[in-house]
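Residue-level structure breakdown
Listed below, chain by chain, are the residues.
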Amino acid sequence: MTKNFYITTPIYYPSGKPHMGHAYSSIVADIFARFKRLQGENVLFLTGTDEHGQKIQKEAKKNNMDPKNFCDEISETFRSLTKKLNLSNNDFIRTTEKRHYKSVIEIWNRLVKSGDIYLDKYSGWYSVSDEAFYDEDEIENKGDTKISKLSGSTVEWVEEESYFFKLSTWSDKLLNVYKKDQNFILPSSRRNEVIKFVEKGLKDLSISRTSFTWGIPVPGNEKHVIYVWLDALTNYISALNFPDEKDKKFINFWPADIHIIGKDILRFHAVFWPAFLLAAKLPLPKRIFSHGWILSDDKKMSKSLGNILDPLEIIDKYGIDQLRYYLVKEVSLGNDGSISMINLKNCINNDLANNYGNLCQRVFSFIKKNCNNKIPINQKLKIEDQQFLKSLKEKLPNLIDLMNNQNLNEYIKMVVGFSFEANKYFNDSEPWSVKKNDPIRMNEIIFTISDQIKNISILLNPIIPDATKKVLNTMNISLDNIKLDMVNNLEIFNQNKELKDLNILFTKIEDDN
Ligand code: MSP
């Protein structure tokens, strides 16, 4: 039976145009989704926009727009970003949709029913930009204003009637969850952070607001709107048609296999979300993986800091595969990482143009010139050829393991290493020298290197889907059904078909570009 796999990105605030941090969360999730499809699993990959709350209401007002129209407009830019980033998401959820509304109301009602909600008054600090409540010890002075120590965003004093969720009663159960499954929160440094936070003791959480209206009204008391994080987190099950727990989607895909998020929203996902689910008597997601921040000049890229590197500009100038590859190669997943134009250029030139791109291009032009433009298949391979191919095939279980543990950087390093070795194999075997006196040897070499190009392309496909598809297409390999086990298949090439033309895969970037 085909295994199901459910992976999500955070849903993005449509408060401004998408930036590199959003692109990063999405690209990382897309790579894992694509890899699972290569493994033959039935993947549901969800992304979307988080449209309620004070932050959006404020932003809409600033733009003299009604919040719904404002969201319609900006949500569309996020939807088109999914195309630009070449995401393979099967769904895009908006929290202003009916299917979501229904699901949030049901969660609320379940929390009421379980006795986890009570009405009281909230007085404390709130950051509109983070949509988060902060304790006194989590804020500090900055000039005349108070800011959150965690995010640096401005906080304001809030005093209003509010419904509370009895988060304090869930500490022990949450700690048990973290203890029972060491991989529930990854990387482990983040897991430790969460454990420390929960061990300090949790306070009850304010889960409704009365000072603005842009949200889902609390059932039975419409003066209140539901706290945007309770609303937003529920998207992960709204997309599965919750509350219909008999729905096929819900049965097949809940609990989610992994939520990919940034470290700034860890607390919401690793503490609040599991507590809500436990109270609503629903299974917990299997893993929460938190990536670090993309830094520019060693600072978090953010609208308020004005240091945004625009992903769309980079895509237009250099290409989407280039951006995808660069982000995940350069930034070690789980840690913060700085990006810069200089590094982007080096990465494109060295890894993509000189290594993988060059390998494909020189082998294909050799085939065109010397082999009637057809891959000479069914050759009896020499021991050294077999050995060369074996080194990759033998590593396949390790590569799968690396991806299943979100060890993306090691995975890329290994695959790029194979591409480097393949260039070396081609150089050292010198098919151009043997072609006159030993055409059979030439054919063996070309068959071997073609197979390795196919293998490397399959392994790189989740990361650079466009370029690898072009390469596989050149070799007449069907694009719709690329699977990981094709790596072990030497009989995949079509004997009678000529190679298709391949334009330059990656243009080298000159210094003044
Ligand atoms: N709407 C919430 C998420 C709700 S999920 C139920 C939210 N939205 S966001 O638009 O502010 O951020 C979404 C994601 O982008 C987060 O994972 C965040 O970590 C990521 N990034 C935003 N800026 C970032 C960087 N500079 N670097 C890396 N990722 C960061 O939070």
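Residues numbered from 1 in each chain as written. Predicted model: local features only at pLDDT ≥ 70, side-chain atom pairs only at ≥ 80, totals over all residues. Heavy atoms only, no water.

Around the ligand sit 25 residues in total, of which Ile-11, Asp-50, Gly-262, Asp-264 and Ile-294 are the nearest. One of the side-chain nitrogen or oxygen atoms of Ser-25 is found 3.3 Å away from an oxygen atom of the ligand. At 2.8 Å from a nitrogen atom of the ligand is found a main-chain nitrogen or oxygen belonging to Ile-294. Computed on the free molecule, the ligand has an accessible area of 670 Å², of which 95% lies beneath the protein chains in the complex. (Near = heavy atom within 4 Å. Polar contact = N/O pair within 3.5 Å; in protein donor to acceptor, adjacent residues only side chain to side chain. Areas by Shrake-Rupley, 256 points an atom, 1.4 Å probe, with all protein chains shown as cover.)

Moving on to the pairing of strand E8 (residues 156–165). Two elements, strand E4 (residues 117–127) and E8, share 10 bridges in a ladder whose sense is antiparallel. Note that in E8 the partner of Tyr-118 across the bridge is Phe-164. Relative to strand E10 (residues 205–206), E8 runs antiparallel, the two sharing 2 bridges. Bridge pairing in E10 links Phe-164 to Ser-206. (Pairing = 2+ DSSP bridges. Helix = DSSP H or I, 4+ residues; strand = E, 2+ residues; numbered from the N terminus.)

On to the layout of surface pockets. Quantified by volume, the second largest pocket comes out at close to 320 Å³. Taken together, 17 residues form the lining of the second largest pocket, with Phe-5, Lys-36, Asp-257, Arg-287 and Asn-404 sitting closest to its centre. Residue composition of the lining of the second largest pocket, grouped by class: 6 nonpolar, 4 polar and 7 charged. For the lining of the second largest pocket, the two domains that each supply at least three residues are domain 1 (4–292) and domain 2 (320–488). (1 Å grid on protein atoms, 1.4 Å probe; cavity = no way out; pocket = protein on both sides within 12 Å on 5 of 7 lines; lining within 4 Å. Points joined across faces, edges and corners; volume = space filled by probe spheres on them. Nonpolar A, V, L, I, M, F, W, Y, C, P; charged D, E, K, R; others polar. Domains from an automatic or database assignment.)

Glancing now at helix H16 (residues 408–429). Relative to the 32 Å expected for 22 residues at 1.5 Å per residue, H16 spans 31 Å between its end C-alpha atoms, a close match to the ideal helical length. Of the residues flanking the end of H16, it is Glu-430, one or two places downstream, whose phi is positive at about 45 degrees. (Expected span 1.5 Å × (residues − 1).)

With that out of the way, let us pick up the packing of aromatic side chains. Evaluation of the coordinates by the stated rule reveals 22 aromatic pairs. Judged by centre distance (6.5 Å) and plane angle (35 degrees), the rings of Tyr-122 and Phe-164 are tilted. A residue pair is termed long-range when its members are at least 10 positions apart, and Tyr-122 in strand E4 and Phe-164 in strand E8 qualify at 42 residues. Given the relative accessible area of 11%, Tyr-122 is considered buried. Its guanidinium or amino end placed over the ring of Tyr-126, Arg-209 lies 4.3 Å from that ring's centre, counting from NZ or CZ. (Phe/Tyr/Trp six-rings, centres within 6.5 Å; stacked < 30°, edge-to-face > 60°. Buried < 20%, exposed > 50% of the residue type's maximum accessible area, 1.4 Å probe, protein only. Lys NZ or Arg CZ within 6 Å of the ring centre and 35° of its normal.)

The next thing to look at is the domain arrangement of the protein chain. As assigned here, the protein chain comprises domain 1 (4–292) and domain 2 (320–488). Spacing between the C-alpha centres of domain 1 and domain 2 amounts to 39 Å. Taken together, the contact pairs 28 residues of domain 1 with 28 residues of domain 2. Both faces considered, domain 1 and domain 2 share a buried interface measuring about 2400 Å² in area, 68% of it formed by carbon and sulfur atoms. Together, Ile-31, Phe-35 and Leu-38 form the three largest contributors to the area buried by domain 1 at its contact with domain 2, with a combined 28%. Linking domain 1 with domain 2 are 2 salt bridges, by the criterion used here. For the salt bridge of Arg-324 with Asp-30, the shortest nitrogen-to-oxygen distance reads 2.7 Å. Applying the counting rule to domain 1 against domain 2 returns 9 residue pairs in polar contact (both at pLDDT 80 or more). Of all the elements in the fold, those that place two or more residues in the side of domain 1 that touches domain 2 are helix H1 (20–38) and strand E15 (288–291). The greatest single-element share of the side of domain 1 that touches domain 2, amounting to 12 residues, is contributed by H1. (Contact = heavy atoms within 4.5 Å. Buried area = accessible area lost by both parts, 1.4 Å probe. Salt bridge = Lys/Arg side-chain N within 4 Å of Asp/Glu carboxyl O.)

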